[in-house]
Amino acid sequence: TPRPANNEADAGAMTASQRMPDIGRAANCVRRQAGAAAAGLFFRLPFYGITLSGRAPRTLHQHAPDPWPGVPANGEAIVSGKFALGGEILSGDLAVWNGDAGAAWREAFHSFEWLRDLRALGGEAAHQRARKLVKDWMTHDGEWSAETWRADILGRRLCSWISHYDFFAAGTDSAFREHVLTSL
């Protein structure tokens, strides 16, 4: 840790980063923001989708079970159209897709970690609700956006989809399964 300068001679012995540590942090912040802006432009270009084209797998060959248990009562609420996530409660599908929630709610929603609650509830209603929400998400948010495709949210969503694929994709038509696998 740098010691504080006692006089001008000591100040000259300190490095620039020791005298002004906030400049280095500010420069790093600007670089990150510029990188994010450039990535955003790239991911929005029409040819970016071409770089992702290719054959999707026909099925998931490996399945990693979700290590955390779901809460059936939360699953019941989701089936009834209430999403209690990130300290907020939204009701109805329109509210979900209109973006009427705060950042913490949206982050939790787009992570799909709530799939474990639907799975814990079990039953046909939970299965259908999970499938509908995945399908609606692919329709509304399947294209890149800075918020929903942020690395931490994307990673959590991928883990959730892979862990619960057999739950929400079971018994669905091949077009839906292909759409999910292509999205993955």
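Placed above this text is the structure.
Residues numbered from 1 in each chain as written. Predicted model: local features only at pLDDT ≥ 70, side-chain atom pairs only at ≥ 80, totals over all residues. Heavy atoms only, no water.

1. Topic: the overall build of the protein
- Scanning the protein for helices and strands turns up 11 helices and two strands.
- Secondary structure elements in the protein, listed N-terminal to C-terminal, are α-α-α-α-α-β-β-α-α-α-α-α-α.
- Of all 184 residues assigned to the protein, the portion counted as buried reaches 28%.
- Considering only residue pairs separated by 6 or more positions, the protein has 64% of its internal contacts joining residues 24 or more positions apart.
- Just so you have it, the protein exposes about 11,400 Å², and 58% of that area is on carbon and sulfur atoms. (Helix = DSSP H or I, 4+ residues; strand = E, 2+ residues; numbered from the N terminus. Buried < 20%, exposed > 50% of the residue type's maximum accessible area, 1.4 Å probe, protein only. Contact = heavy atoms within 4.5 Å. Areas by Shrake-Rupley, 256 points an atom, 1.4 Å probe, with all protein chains shown as cover.)

2. Concerning the pairing of strand β2 (residues 88-91)
- In the sheet, strand β1 (residues 82-85) pairs with β2 via four bridges, with the strands oriented antiparallel. Bridging from a neighbouring strand, Phe83 pairs with Leu90 of β2.
- Linkage of β1 to β2, two consecutive antiparallel strands, is achieved through a turn of two residues, within which Gly86 is found at a positive phi near 55°. (Pairing = 2+ DSSP bridges.)

3. Here we look at the pattern of salt bridges
- Taken as a whole and assessed by the stated rule, the structure comprises six salt bridges.
- With a closest N to O distance of 3.1 Å, Arg156 and Glu107 form a salt bridge. Of this pair, Arg156 sits in helix α10 (residues 151-168) while Glu107 sits in helix α7 (residues 103-111), placing them 49 residues apart in sequence.
- Put simply, Arg156 and Glu113 hold a salt bridge, and the shortest N to O gap is 3.2 Å. Placement of the pair is Arg156 in helix α10 and Glu113 in the loop between α7 and α8 (115-121), with a sequence separation of 43 residues.
- Judged by its relative accessible area of 27%, Glu113 falls in the partly exposed class.
- Overlapping salt bridges bring together Glu107, Glu113, Arg150, Asp152 and Arg156 as one network. (Salt bridge = Lys/Arg side-chain N within 4 Å of Asp/Glu carboxyl O.)

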